Amino acid sequence: MTPTLFGRWQTRLLLLATVGVLVSIPFAMGLVDGKTNTVYFSILGYVAIFGLGWDIIYNIIQKNRWDRDWPAAYQLFAGIWEMIFILCGVKIFSFLPIPIPKEELNITMFFLHYILVWLVVFLSSQSLMRIVFPRWRFRGGQWL
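Our subject in this report is the structure included herewith. (Residues numbered from 1 in each chain as written. Predicted model: local features only at pLDDT ≥ 70, side-chain atom pairs only at ≥ 80, totals over all residues. Heavy atoms only, no water.)

1. Focus: helix H1 (residues 5–28)
Reasoning step 1: Taking the largest bend as the criterion, H1 deviates by roughly 40 degrees, centred on valine 21.
Reasoning step 2: Just downstream of H1, glycine 30 is the residue with a positive phi angle, here 85 degrees. (Bend = angle between axes of the 7 residues up to and from the residue. Helix = DSSP H or I, 4+ residues; strand = E, 2+ residues; numbered from the N terminus.)

Structure below.
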């Protein structure tokens, strides 16, 4: 079953609030780069907030495809686009506030954090969601 917009929202928020937070904790505690910093939770929040809007666009694109499907390659492109948008927002153009000066945000740690969160969320959506919520994909991605 192709995900509905409400199903996309539910899945995005659930996975970011669970596995996304679990991946972000070591970064925030300084276990990865040695600096305790909550900026990673801000980035995770921006991914969740802006993702709700992007999901509307993704849903429209999906409905215009002949098979109404959203292949994994599209998920990869969407993840790259979202990473570029968030990076520009917090580091380059600074239109998204973060709890540290933009100069202190290590771009390597940003990429590492974002890529790990994206991979874990993607893999969880392809495996864990199907195990924990067996009817999830038959309800258009809705788990409630």
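2. Describing the nonpolar core
Reasoning step 1: Membership of the largest hydrophobic core comes to 33 residues, with the highest contact counts inside it found for Leu16, Val39, Ile86, Val90, Ile98, Leu105 and Phe110.
Reasoning step 2: Every element with two or more residues in this core is listed here: H1, helix H2 (39–64), helix H3 (72–92) and helix H4 (107–132).
Reasoning step 3: Other than its neighbours up to four places away in sequence, valine 90 contacts Tyr46, Leu96, Ile98, Lys102, Leu105 and Phe110. (Core = buried A, V, L, I, M, F, W, Y, C linked by side-chain atoms within 4.5 Å. Buried < 20%, exposed > 50% of the residue type's maximum accessible area, 1.4 Å probe, protein only. Contact = heavy atoms within 4.5 Å.)

3. Here we look at H2
Reasoning step 1: Given a rise of 1.5 Å per residue, 26 residues ought to cover 38 Å, and the 37 Å separating the end C-alpha atoms of H2 matches this to within 8%.
Reasoning step 2: Along H2, the sharpest change in direction is near 35 degrees and occurs at leucine 52. (Expected span 1.5 Å × (residues − 1).)

4. Structural notes on empty space enclosed by the protein
Reasoning step 1: Taken as a whole, this structure holds one cavity of 30 Å³ or more when the rule is applied.
Reasoning step 2: For the largest cavity, the calculated volume is near 30 Å³.
Reasoning step 3: Leu16, Ile43, Leu44, Val47, His113, Tyr114 and Val117 are the residues that line the largest cavity.
Reasoning step 4: Looking at the lining of the largest cavity, the elements that each hand over two or more residues are H2 and H4.
Reasoning step 5: Taken together, the residues of the lining of the largest cavity sort by class into six nonpolar, one polar and no charged. (1 Å grid on protein atoms, 1.4 Å probe; cavity = no way out; pocket = protein on both sides within 12 Å on 5 of 7 lines; lining within 4 Å. Points joined across faces, edges and corners; volume = space filled by probe spheres on them. Nonpolar A, V, L, I, M, F, W, Y, C, P; charged D, E, K, R; others polar.)

5. As for the packing of aromatic side chains
Reasoning step 1: Considering all chains together, one arrives at eleven aromatic pairs under this definition.
Reasoning step 2: Ring centres of phenylalanine 50 and phenylalanine 85 lie 5.1 Å apart, and the angle between their planes is 65 degrees; on these two criteria the pair is classed as edge-to-face. Of the two residues, phenylalanine 50 is situated in helix H2 and phenylalanine 85 in helix H3; the sequence distance between them amounts to 35 residues.
Reasoning step 3: Summarising the aromatic geometry, the rings of tryptophan 54 and tryptophan 81 are spaced 6.2 Å apart at their centres and angled 65 degrees between planes, so their arrangement reads as edge-to-face. Of this pair, tryptophan 54 sits in helix H2 while tryptophan 81 sits in helix H3, placing them 27 residues apart in sequence. (Phe/Tyr/Trp six-rings, centres within 6.5 Å; stacked < 30°, edge-to-face > 60°.)

6. Quick look at the layout of surface pockets
Reasoning step 1: Its boundaries defined by the atoms lining it, the largest pocket holds a volume of some 820 Å³.
Reasoning step 2: Taken together, 33 residues form the lining of the largest pocket, with Arg8, Trp70, Gln75, Ser125 and Gln126 sitting closest to its centre.
Reasoning step 3: Of all the elements in the fold, those that place two or more residues in the lining of the largest pocket are H1, H2, H3 and H4.
Reasoning step 4: Ranked by residues supplied to the lining of the largest pocket, first place goes to H4 with eight residues.
Reasoning step 5: Class assignment of the residues belonging to the lining of the largest pocket gives a composition of 17 nonpolar, nine polar and seven charged.

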